[in-house]
Structure formats: C-alpha cells, structure tokens
Amino acid sequence: MLIESCPEMIFFSKKNDKCKGITPLHVAILKEDTNLLEYMATVASDKKIKPETIKNICAGGFEFQNTVMMAGTPLGVAALKFNRKLFDIILEQFKSELDVINHKGDNIVHSLIKYAHVQPGKMDDVLKMLHYVLDCEFYSPDLPYSEKKKWKRKVRKLLMMKNKEKINPLQLAAKRQQYAIFELIMHHEVHCTRESSDGIFNEEVFDITEIETLAIQNEVKGDEYEIIKKEYHESILEYLIHQQTTNAFLFADFMPVREVVKEKWKYYSSKFLFWFLFHIFSMIFLSVAALYRSKLVQSENGDITYKYPVTRNAFVTSASVFGCIVGLVYIILEIIRLKLRRFQYKTASSRFKSVRRHFSTPYSNLIFRVYFVLFSLLLMADFIVASVAGQHSSLDYQNYCLLFAVILGWYLFMFFLQTFKTLSFFTVLIQRVILDMFKFAFVMGIFLVAFSIAMYMAMQGANTDNDEFEHFGKTMVKMLTIMLGIGEIEILFQARQPILAVMIFVIFVLLTTILLLNALIAMMSNSCTDLLSHHRGMTATKMHYRLQKLSVILFLESFLLRCACKEVGFVKRKNRYENNEWVSNTQRRLWTLSSVHDHTEEAESYDPSDQGIISTLMSHLQPRKKSKKKSKTIKVRPTVSSTTTSEMQNQKPVRRLLHIRDIGHKPCDTCKNDSLVYTETQEIAEVIEVTNVEKDSTQFVTTY
C-alpha cells in the first residue's frame with residue numbers, strides 16, 4: 001500500500017554522509033527479495049515513473065567502501081551480489097542501462113574488478129558474473145538479430161569505458177593485480193579477434209595499445225618533443241615492475257606481454273651492451289686514475305702532498321675531465337626524464353608511500369636512478385674541488401668524492417648485470433637482501449648503542465694501557481668487532497668490575513650474535529626461497545630475468561628520443577568508444593599471432609644476454625656460424641609405424657612443422673607444354689621430426 005500510494009519512495013535516497021545515496025531499491029537488492037523487486041518494478045511502470053530516474057541513483061557513502069554497495073548503482077550492486085535474477089530484473093523491468101556508472105565513473109566491470117581485489121575469496125563468483133555479462137547471457141535467445149547486435153555493442157562499450165582515473169577495465173585489472181580477469185578481458189573480441197590470413201588458417205590479432213608504452217604518434221598531445229602518452233596514460237608494462245612477485249610472473253608470461261617485451265629487448269639489447277662496455281671502460285679509466293691520485297710524496301719542507309695532483313698531471317687531469325663529462329651526461333639524461341614525465345604511474349596516493357614501494361620492489365629502477373645521480377654529482381664535485389685544490393695548496397682535499405664515486409660506479413655494474421640470464425637472479429636477490437639489511441641494521445643499531453654505553457661506563461678506570469674504551473666512538477667499534485667474533489676480550493678482565501663487564505659482554509653476544517644475526521640469516525633464506533619458488537610451472541629465474549629486462553626497457557624509454565625507441569605491432573583504425581562517444585577512426589596498436597606461421601616448437605631466437613659476459617662479447621665480435629650439416633629424413637606414413645606420437649615425445653625431443661605441398665600436377669591445357677604445369681591438388685602435412693642419438697632425423701608425416 002505504501003509503495004502504491006507513493007512510488008517515488010522507491011528511489012528516495014538518504015542524504016547523510018555515512019550512507020549517502022542508498023534507497024529502498026538498494027535495500028531490496030541487498031536482501032535479494034526478488035518478489036519485492038518485481039512488485040516495485042510493476043508499480044513504477046504503472047505510475048509511469050520515467051526510466052531516467054534509476055540512472056541518477058548512486059550510493060556513495062563512506063560506509064559502503066569494500067562492500068557490495070561500493071558499486072553504487074542498483075545494477076552494479078546486483079552484479080556484486082552475483083544474483084543473475086536480480087541483475088535481469090534491474091536490467092529489464094527497471095529499464096536500467098548496461099553502462100551506468102557510479103560517482104567514481106566505474107561501470108559494472110570496473111566494480112567487479114575492484115570487488116575481486118578487496119575480496120579475493122570471491123574470485124570464482126566474479127569470473128562467473130563477468131562471463132554472464134560479457135557473453136551476453138542475460139538476453140533471451142529469441143531476440144531478433146538486430147537487438148542482439150545492440151546488446152553486444154553495449155557490452156563492447158563496457159570494456160572501452162574509462163573511469164575518472166582515466167583507465168579502462170583492462171588497465172584496472174592489471175593495476176589491481178587480477179590476472180584471471182585480465183586474461184578474460186584480453187581474450188574478449190574487444191582486445192582479441194581472429195582474422196583469416198590465407199583462407200585456411202586464422203590469426204589472432206591482439207590490441208596492445210594499453211600494453212605498449214609508446215603512443216601513436218599523431219595522437220600525442222603536447223609539444224613536438226613529447227613522444228609517449230603523457231596525459232593519464234599508464235601502460236600495463238609499468239604495473240608489472242611494481243607488483244608482487246607471483247602476480248608479476250603471471251602477467252609477464254601472458255603471450256602478448258611476453259612478446260612485446262621480447263621484441264623490444266631485441267632492439268635495445270645491442271645498445272644496452274654498448275653502454276655496458278662504455279661503463280666498463282669508464283670505471284677502469286677512473287679507477288686507475290684514482291690509484292695514481294692516492295699516491296703521496298714528502299716534499300722538501302717535510303709536508304706530505306699528493307704526487308699526481310689534478311691540473312698538474314696530464315693523465316689524472318684528463319681522467320677528472322672525463323669523469324666530469326660522464327657525470328654531466330647522466331645529469332642531463334635525468335633532467336630530460338623529469339622534463340618529459342613519460343611514466344607517471346603512482347604506486348600510492350602519497351609521495352612517501354610511493355617512494356617506499358619503489359624501493360621495496362626488486363624490479364624498480366628508481367634505486368639505480370638515485371645511484372646514477374649520486375655517481376654523477378660526486379664526479380662533478382670531485383673535478384671542481386680537485387681543480388681548485390690543485391691551484392691552491394692551502395686547500396687540503398683528500399679525494400673523498402672520488403672515493404665514493406668509485407664505489408658507486410662499480411656497484412652500478414649490478415644495473416647492467418641484471419640483463420644477463422646467468423646473473424639476473426643474484427641482482428634481484430641482492431636488492432631484496434639489502435632491504436632486509438636495512439630492517440636488521442635499525443634493530444642492531446639500537447642494541448649496539450645501548451650496550452656500547454653500558455660497556456663504556458663499565459670500562460672506565462680499567463687497569464690497562466689499551467685505549468679502545470677511552471672514547472665512546474672507539475667503544476662502539478670495539479663492540480661491533482666483538483659481535484662479529486673478531487675482537488679480543490682479555491681486556492674485559494682488566495676492568496674495575498670484571499664480573500659486570502663480562503656479564504654485559506655475554507648478554508650482548510646472546511642478543512646480537514646468536515639471536516639477531518641468525519634472524520638475519522633466516523630472513524635472507526626466506527627471501528631467497530620466495531624468489532626461487534616456481535608458480536604454475538613457470539621457472540622463477542627465467543621470469544626474474546624477463547622482468548628485469550622490462551625494467552631496463554622502461555629505464556631506457558624514459559629518456560630516449562622517439563626515433564630511438566622500439567614500437568611493437570602495427571597501427572590500424574578501429575571503431576572505439578572514446579571520450580563519451582563512438583569514434584569510427586580511432587587508431588589502435590595491434591599485434592598479430594599466426595596460428596600456423598612461425599609456430600614451430602624451436603628454441604627462442606638468439607639473445608646475447610642469455611649467455612655469460614665473455615660469451616656475449618665474443619658473439620658480437622665473431623658472428624655465430626650456422627651448422628651446414630643436413631639431417632637425413634625418412635618420410636613414413638602413420639599407418640606404417642607402430643610408435644605413436646605421444647610415445648615419441650616421451651622418448652626424444654620432437655619438433656612439429658606444418659607444410660603445404662603439391663601432390664598432383666597436370667600439363668597446361670592451352671599450350672600443351674609438359675614443362676609448364678599447374679597445381680592440381682595440395683595436401684597439408686604435419687611433420688613430426690624426432691632427433692635420434694646420431695643426430696639424424698626421422699619424420700612422421702600426417703596428411704589432412
């Protein structure tokens with residue numbers, strides 16, 4: 001009675017901030033009362049309430065965060081309840097649009113992805129609901145073809161829409177580390193289509209616009225030097241290096257992502273190797289110069305001075321100038337990177353949290369950027385200060401800047417070694433262990449200061465000439481050596497209260513050497529186990545290697561000119577939903593996978609970084625020679641051999657090849673020339689080549 005007398009109450013929303021926007025319609029959906037919903041829909045229809053009314057309903061109270069009400073709209077809440085009947089009632093009887101959005105600009109697909117992120121245990125239900133929506137299972141099979149086409153167009157629109165963060169559902173799934181949803185969306189017709197290449201075999205065409213970091217050139221906004229999408233563009237490749245290890249493995253092993261990284265690295269590997277060789281030469285040159293500059297000599301008046309000061313020796317002067325130039329180049333590259341701001345993905349809302357997450361991720365290149373900047377500043381400062389000190393003998397400069405620059409320069413070898421397959425895991429492990437060391441050092445520092453103070457107080461007035469406990473700083477160093485087991489403890493018995501000194505020593509050793517150091521070893525072991533653990537059959541070391549190559553690719557593309565960058569795929573115009581309207585000539589970047597061509601199970605193409613350092617250098621100096629030995633083949637019909645294909649695969653390596661060959665020829669009917677024939681028929685043969693011990697090949701041919 002109440003609904004019939006006042007049907008507007010169905011859509012009446014609360015105004016308070018806690019439950020802002022909730023309506024009786026939302027409550028009926030939450031209660032999953034289908035009878036009440038159908039009654040509401042009937043009354044609303046009879047009273048001729050406009051269908052546009054339901055479009056304006058959106059719950060946005062802060063109490064609804066991380067609940068089914070986070071979707072806001074009635075259709076979104078019904079979707080998050082995973083109740084298909086509720087979904088159909090809202091869609092059909094309440095005449096709700098499929099593409100309704102909430103106050104954050106999220107449609108129902110966005111909401112399902114976010115709900116899967118906050119409720120991981122509901123992933124199966126989320127996937128079923130996504131299949132229900134994306135496969136258009138909600139409309140009746142008896143609908144006319146024109147109506148079905150309209151619904152499919154609306155579903156395609158859902159996957160193209162961007163929320164207020166300017167990201168579509170595919171990007172959101174990658175950003176929230178929901179691989180199962182990401183894979184489902186990537187195989188939808190919006191991002192993956194099948195096209196016929198030769199009339200017989202199909203090609204899978206993937207839309208990699210959101211995966212590729214480079215923008216389509218004529219769509220770039222800004223000045224002419226901007227070469228990568230600047231406004232709100234977040235490449236999926238950027239997300240990978242900030243994800244958890246297991247999730248990053250899944251995304252990096254997805255075929256289009258894997259192939260994009262592979263093609264880019266083929267292009268950048270030689271350039272990166274040249275940079276590595278240049279860095280080796282630079283560090284050898286600077287290190288030799290540092291050794292020369294450290295030599296001292298006694299002058300005639302008895303003063304100790306440097307034998308080869310800067311500006312007075314040609315070799316050390318040239319090395320200092322060279323170091324200053326190298327540092328200036330690195331600083332310019334960093335300025336270009338900051339000016340262009342190509343990769344703007346923020347791992348957190350605040351800058352402090354974002355930086356912390358960058359440092360906690362083993363694939364982030366931010367730490368190496370910091371090292372390069374410090375290395376450059378130290379080299380430039382060393383040249384300036386050493387030049388002034390060389391002209392003014394009163395200035396006593398002890399080459400401090402050069403000392404730390406050499407340490408950083410040699411440590412930067414880790415940046416280059418991460419792209420070598422045999423060493424990539426160790427670089428990841430070192431970065432992860434360094435983070436553990438920071439945590440350990442903080443706790444250890446507290447214990448060290450506390451017991452150093454206690455030992456300093458206990459050793460005052462000791463009957464000894466040893467001055468190791470004379471100053472507090474020396475006491476801390478002594479306690480550190482005792483902790484590491486390399487200090488002498490006989491001096492403790494010379495204290496005024498030997499028992500007190502020994503007791504402090506014993507407690508310190510128990511808490512540090514036995515407890516904290518073993519805890520550090522356990523942390524390192526756990527980190528190593530976590531990094532080496534395989535996931536879904538994927539080799540951990542191989543995936544670390546791929547992600548580190550991706551990190552280097554992003555590092556290089558952040559400052560390279562567009563002409564020096566690698567663009568994967570090809571550009572094609574497609575019909576897309578952009579900026580709240582359908583655009584017929586939107587340019588998209590596509591990548592093709594053929595189902596037959598280049599689909600043999602052979603080894604991956606040669607990558608110089610897969611080998612050791614020496615092998616890599618030699619391979620560039622001397623190209624690889626192809627084997628001239630030809631394999632002997634015997635073509636046998638399957639009916640002749642009693643060995644099945646699966647048995648052969650379990651015994652010896654197998655390589656499948658598909659061939660199209662002629663099986664019949666006929667002379668030309670026009671000129672009657674036997675030398676000119678045309679193909680009468682063709683057959684498709686699947687050749688299974690099994691290599692035996694003598695390196696011969698046996699081929700089993702299956703015809704179709």
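Residues numbered from 1 in each chain as written. Predicted model: local features only at pLDDT ≥ 70, side-chain atom pairs only at ≥ 80, totals over all residues. Heavy atoms only, no water.

A. Seen up close, the overall build of the chain. Across its full length, the chain holds 25 helices and ten strands. Considering the chain as a whole, with its 704 residues, one finds that 43% of them fall into the buried category. At a minimum sequence separation of 6, the contacts of the chain that also span at least 24 residues come to 68%. Just so you have it, the chain exposes about 38400 Å², and 57% of that area is on carbon and sulfur atoms. (Helix = DSSP H or I, 4+ residues; strand = E, 2+ residues; numbered from the N terminus. Buried < 20%, exposed > 50% of the residue type's maximum accessible area, 1.4 Å probe, protein only. Contact = heavy atoms within 4.5 Å. Areas by Shrake-Rupley, 256 points an atom, 1.4 Å probe, with all protein chains shown as cover.)

B. How the structure looks around the packing of helix α20 (residues 424-458) against helix α21 (residues 472-483). Running from N to C, α20 and α21 point in directions that differ by 115 degrees, and their axes come no closer than 9 Å. As for the relative orientation of α20 and α21, their crossing is right-handed in sense. Along its contact with α20, which presents Met444, Leu448, Val449, Phe451, Ser452, Ile453, Met455 and Tyr456, the element α21 presents Phe472, Thr475, Met476, Met479, Leu480 and Met483. Per-class residue counts for the contact of α20 with α21 are twelve nonpolar, two polar and no charged. (Axes fitted to C-alpha atoms, helices over the stretch in contact; angles between N-to-C directions. Left-handed = near helix turned anticlockwise from the far one by under 90°. Nonpolar A, V, L, I, M, F, W, Y, C, P; charged D, E, K, R; others polar.)

C. Expanded view of helix α18 (residues 400-411). Spanning twelve residues, α18 covers 17 Å between terminal C-alpha atoms, matching the ideal 16 Å at 1.5 Å per step. Where α18 is buried, its residues touch α14 (255-293), α17 (366-391) and α19 (413-417). (Expected span 1.5 Å × (residues − 1).)

D. Representation of the confidence of the model for the chain in the model. Confidence along the chain averages 78 in pLDDT terms, with 77% of residues attaining 70 or more. With pLDDT under 50 throughout, residues 623-665 is counted as low confidence; its partners more than four residues away or in other chains account for 88 contacts. Between residues 675-704, whose pLDDT stays under 50, and residues either more than four places distant or in other chains, the model counts 106 contacts. (pLDDT = per-residue confidence, 0-100.)

E. A look at the state of the cysteines. In this structure the tally under the stated criterion is zero disulfides. Here Cys563 stays free of any disulfide, with the sulfur of Cys565 as its closest cysteine sulfur at 7.9 Å. Of the residues examined, Cys563 reaches a relative accessible area of 68% and is grouped as exposed. (Disulfide = S-S within 2.5 Å.)

F. Examining the side chain of Arg432 more closely. Checked against the element boundaries, Arg432 lands in helix α20. Looking at Arg432, the relative accessible area reads 15%, which means it is buried.

G. Quick peek at the environment of Leu184. Assignment of secondary structure puts Leu184 in helix α11 (residues 179-186). Owing to a relative accessible area of 18%, Leu184 belongs among the buried residues under this scheme. Counting along the chain gives 14 residues from Leu184 to Leu170, while the straight-line C-alpha distance between them is 9.3 Å. In contact with Leu184, not counting residues within four places along its chain, are Leu127, Leu130, His131 and Leu134.

H. Seen up close, a nonpolar patch on the surface. A contiguous nonpolar patch, built from Ile284, Val288, Tyr292, Phe315 and Trp410 and spanning about 410 Å² of accessible area, is present on the exposed surface. Among the elements that make up the nonpolar patch, the one with the highest residue count is α14 (three residues). Considering the arrangement of structural elements, one finds Phe315 in helix α15 (residues 314-340). (Patch = residues over 30% accessible without salt bridge, like charges linked within 9 Å, V, L, I, M, F, W, Y side chains within 5 Å. Salt bridge = Lys/Arg side-chain N within 4 Å of Asp/Glu carboxyl O.)

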